[in-house]
Structure formats: C-alpha cells, structure tokens
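Spelled out from the first residue to the last, the chains are:
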Amino acid sequence: MEYNYEQHIDTIGEIADRINLDKITILTGRNAGGKSLVRKVLRQNVMDKTGKSKVFIPHASQELRTKSNPEMGALSGMAHDLEWLATSHNTISIIDKVIVDDADYIIIDEPEIGIGEELQLGLADYINEKLKDRKCGVLIITHSRLSVKNIKHDDFINLEGMSEDEWVNRTTEKISVEDFKKFSNDLFIAVRDRINTNKAK
C-alpha cells in the first residue's frame, strides 16, 4: 500500500498546532518523520502567540552539533573552543547554553545524541534541574525511552499516534536502510512540493 505523504504533512502541521506553548512537551517519532519540521512550524506559532515579529527560540539541534566539523560532530563556536572534545561533552554544553531566561520558547532536539544510557539518566536530572524555574514553553524531541521516562514533562506527542505508554513499551520493529531512504526522500519531496504549491497561491 502506498504511503500517504500528504496526510503525513497535514499531521505534522496539526501536531505543531496542538503543542501548548507554555508547557514542557516531549515529541517522538520515526527517523525523518518530520519532528524537526514541527520545530520550524512552531516558530510562527510562537510569533502569533507573543505578537512579536521576531522571536528568540534557542535550540540544541543536530545541525548545531555537526555544522563546523561534520567528521567530529562538534560545533566549537556554540559548545567549546576545543573541537576534539567528546560529542557528548559538546551536546551537554549546547543544551546548557540554550536554556536561558530570556527565551520566548526553548527547543532541545535529541538531547541523547552521543550519550550512553548511564549518562542519559544523569542528563535527565540535569535538564529537570535547569528547567524547573523556566519562564517559557519547552519542546524536547527525542528517540530515547530513557529521556521520556526520566525528563519531567507535561505533554507527550508521538508522530505515529502512540500514547506515551504504548511508545515506551513498544516492541522494536526493524526498518531497513532501503525503506528508510525511500521514506525520507519521498517525504522531503512531498514537503518541498507542498511549500512550492503554497508559495504559488
């Protein structure tokens, strides 16, 4: 059966609109399923809510962690001046820098990148402590069951429609590299075509 990419794009928009901009929300979903696209749609929603023409939304994203040195996975300007430091160290440094008091909204995209399960538990405690006095909403995008279990949050959203309990306790099903590449490429094309269609209207 052919996958309905148009419906998937509609779902991404609906999910972005469902996110309460004053709460801590955890978002999960399959690789290349559109989680980071939700992050981009949220910017407009925050602008609409605050009435600002520009908003300050610091984010710890995968792009920031790999931009300056793709081979080593470190962004020296954002994380540290020494690019040879462990990816896990840079991940924590970036997360530390984005949780700031003057943000209109905060996004932490895959805090578990480069971090083993033992440190994921410690990082959850660290994030909980950093967010306890927050003044704005937070979106945490993750593939980690440990993050979902241990990072305190108000809302849980899964792109495939699972409940939090279903997602945490699901049986892992294999996705082949070939299927993943086809899905991610076809979804990218569908999103691009949707954007171009909207621009033409």
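The text that follows walks through the structure, step by step, so that each part is easy to find. None of these values were measured; they are calculated from a predicted model. (Residues numbered from 1 in each chain as written. Predicted model: local features only at pLDDT ≥ 70, side-chain atom pairs only at ≥ 80, totals over all residues. Heavy atoms only, no water.)

### Concerning unusual backbone geometry
In this model, A32 sits at a positive phi of 60 degrees, which is unusual for a non-glycine residue. Structurally, A32 is set in the loop between β1 (24–28) and α2 (35–50). With phi around 55 degrees, E110 is a residue other than glycine that occupies positive phi space. If you trace the backbone, E110 turns up in the loop between β3 (105–109) and α5 (117–131). (Helix = DSSP H or I, 4+ residues; strand = E, 2+ residues; numbered from the N terminus.)

### Concerning the nonpolar core
The biggest cluster of nonpolar side chains holds 23 residues, and the ones touching the most others in it are I106, I108 and I140. Mapped onto this core, the elements with two or more residues apiece are β1, α4 (87–98), β3, α5, β4 (137–141) and α7 (164–168). At four residues, the largest contribution of residues to this core is made by α5. I106 has contacts with I57, P58, V98, I99, V100, C136, G137, V138 and L139, leaving out every residue within four places of it along the chain. Judged by nonpolar contacts, the second largest core, of 18 residues, contains A16, V38, M47 and L159. (Core = buried A, V, L, I, M, F, W, Y, C linked by side-chain atoms within 4.5 Å. Buried < 20%, exposed > 50% of the residue type's maximum accessible area, 1.4 Å probe, protein only. Contact = heavy atoms within 4.5 Å.)

### As for the sheet that holds β1
Spatially, β2-β3-β4-β1-β5 is the arrangement adopted by the five strands of the open sheet, whose pairing is parallel. Edge positions in the sheet fall to β2 (59–60) and β5 (155–158), since each has one partner strand and no second. (Pairing = 2+ DSSP bridges.)

### Brief notes about the pattern of salt bridges
Here the structure, examined in full by the defined rule, presents 10 salt bridges. Across the salt bridge formed by E6 and R194, the nearest N and O atoms sit 2.7 Å from each other. Separated by 188 residues along the polypeptide, E6 in helix α1 (residues 5–18) and R194 in helix α8 (residues 177–200) bring together distant segments of the chain. For the salt bridge of R194 with D10, the shortest nitrogen-to-oxygen distance reads 3.1 Å. Here R194 is found in helix α8, whereas its partner D10 is found in helix α1, with 184 residues between them in sequence. (Salt bridge = Lys/Arg side-chain N within 4 Å of Asp/Glu carboxyl O.)

Geometry only, nothing functional implied.
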